[in-house]
Structures are given as structure tokens and as C-alpha cells.
Amino acid sequence: IEVKLLTDSRIDSVRETMDSWRREPDWPLFRGELSVAEIAAMHPRGPELHRALFVAASKVIGRCARNANEQIGETVRVFRLGAPQGVLLLLNESVDILEPGMLGTAAMNAIRAMKADGTRELAHLDGVIIISWAHEVRSPNGELASPVIWIASEDLTAGEREGAFETYFIREWSDFLRLPL
């Protein structure tokens, strides 16, 4: 298990990306404060703008995943472990620009990325658990809770998923918080 704490707010990177787009001749005139999604919806190249902002905001997730993969791989080599399941536990205490859906999508893109030969780029990383205290969601019973997201690599079998540390962790975390899964 590799634990990474998100501390890079990415605001500067997003601001730089937005500033470069503002200099484009097709930048529409906006009034008031709008969310990124609202701006992208009004922009003639909205999907392209949205992708650029997503990359700027979520680049740190890929970096964390690559570092975790490297550290897990080194641990496997040093201790001559067979084929353990490598897990990245990503903690987000305060980076609110990285909303849970963005975190999950970026982690899934990283963990499921493939090389040209069909093997996974991050071969030692089999799952990512994300806990975001920077955001709140409503639980099924209406209570506010912090989101917990689990992304598994696509090559884990159903049995491996059921026996994975992530499954155990999420069940225990749910019990600890006294909230349903």
C-alpha cells in the first residue's frame, strides 16, 4: 500500500490554462461567475476546453499513481514478493478543485492505461482508494459524509476483487463511520 496526500491545489495550472484560452479569438463574453462546466457549455470548442482544464487540474493524480507504481515495484523486487496486489491510498484533505468525480476519472485513466504491447503501464498498481475530506456527499440516509472511491484495474478477477484489500478497507471504513455502503 502506498499512501499519497494531495497538497497541490492545481489552481495555478488551471488558471494558466484558462488564461491561454481567453486569448483565443473564439472566447465568448461572460458575465458573472461561472463554473468550468458552464463556461465549457457556452464555448464553441467546449469539449476541447473541458479536456484541457481536466488535464491541468488532474495531472497530479497521474504523477501520484506513477510514483506509487514505482515504489510498489521496488518493494516487490527488494523483498522478492510474488504477485501482490498494489494499492494506492489517495487522501484529499483540502484540495477542493479536485472534486471526487475528477479524482476518480483521473485515477481510473492512470490505472487502466495500456502500453502499445497491450500490458498495463502501471503493472504494480491494482487498485486506488480515494478518500476526500475536501468534499461532502449525502449518504443514502441523508447524512453528510466524505466520499470514498475505489477503482480497480480491469484485469482483476471477480474473486480477486472480492478478496482485495480495498473491499475489506471500504467495508471496515463504512462500519467505522456507521454509514451504509
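Our subject is the structure that appears above.
## As for the packing of aromatic side chains
Geometry of an aromatic ring pair is reported as the spacing of the ring centres plus the angle between the planes.
In step 1: One pass over the structure, following the stated rule, counts four aromatic pairs.
In step 2: Both rings, one in Trp27 and one in Phe30, keep their centres 5.4 Å apart while their planes meet at 80 degrees; by these two values the pair is edge-to-face.
In step 3: Both rings, one in Phe169 and one in Trp173, keep their centres 5.8 Å apart while their planes meet at 15 degrees; by these two values the pair is stacked. With a gap of four residues between them, Phe169 and Trp173 both fall in helix 6 (residues 165-177), about one helical turn apart.
In step 4: Taking relative accessible area as the criterion, Phe169 reaches 17% and is therefore assigned buried.
In step 5: Members of the aromatic cluster, joined through ring pairs, are Trp133, Phe169, Trp173 and Phe176.

## Some details on the pairing of strand 1 (residues 2-6)
In step 1: Burial of strand 1 is one-sided: the residues Glu2, Lys4 and Leu6 facing one way are buried, the residues Val3 and Leu5 facing the other way are not.
In step 2: With five bridges joining them, strand 1 and strand 2 (residues 87-92) adopt parallel strand pairing. The partner of Lys4 across the bridge, within strand 2, is Leu90.

## Quick word on the pattern of salt bridges
In step 1: Evaluated as defined, the whole model comprises 11 salt bridges.
In step 2: Between Glu48 and Arg45 there is a salt bridge, with the nearest N and O atoms lying 3.5 Å from each other.
In step 3: For Glu48, a relative accessible area of 37% translates into the label partly exposed.
In step 4: Of the residues examined, Arg45 reaches a relative accessible area of 26% and is grouped as partly exposed.

Rules used in this analysis
- Each residue is numbered by its place in its chain's sequence as written, counting from 1.
- Totals for whole chains, interfaces and linings use all residues, but because this is a predicted model, local features are given only for residues with pLDDT of at least 70 and pairs of side-chain atoms are given and counted only at 80 or more.
- In computing side-chain values, all of the structure's heavy atoms are included and hydrogens and water are not.
- Note on aromatic pairs: the rings of Phe, Tyr and Trp (six-membered ring only in Trp) are paired at centre separations within 6.5 Å, and the planes decide the class, stacked below 30 degrees, edge-to-face beyond 60, tilted for the rest.
- What counts as a helix is a DSSP run of H or I of at least four residues, what counts as a strand is a run of E of at least two, and both are numbered from the N terminus.
- Buried residues are those whose accessible area, probed at 1.4 Å on protein chains only, stays under 20% of the maximum for their type, while exposed residues exceed 50% and partly exposed ones sit between those limits.
- Should DSSP find at least two bridges between two strands, the strands are taken to pair.
- Within this document, salt bridges are pairs made up of a side-chain nitrogen of Lys or Arg and a carboxyl oxygen of Asp or Glu, the two lying within 4 Å of each other.

None of the figures reported here should be taken as evidence of function without further support.
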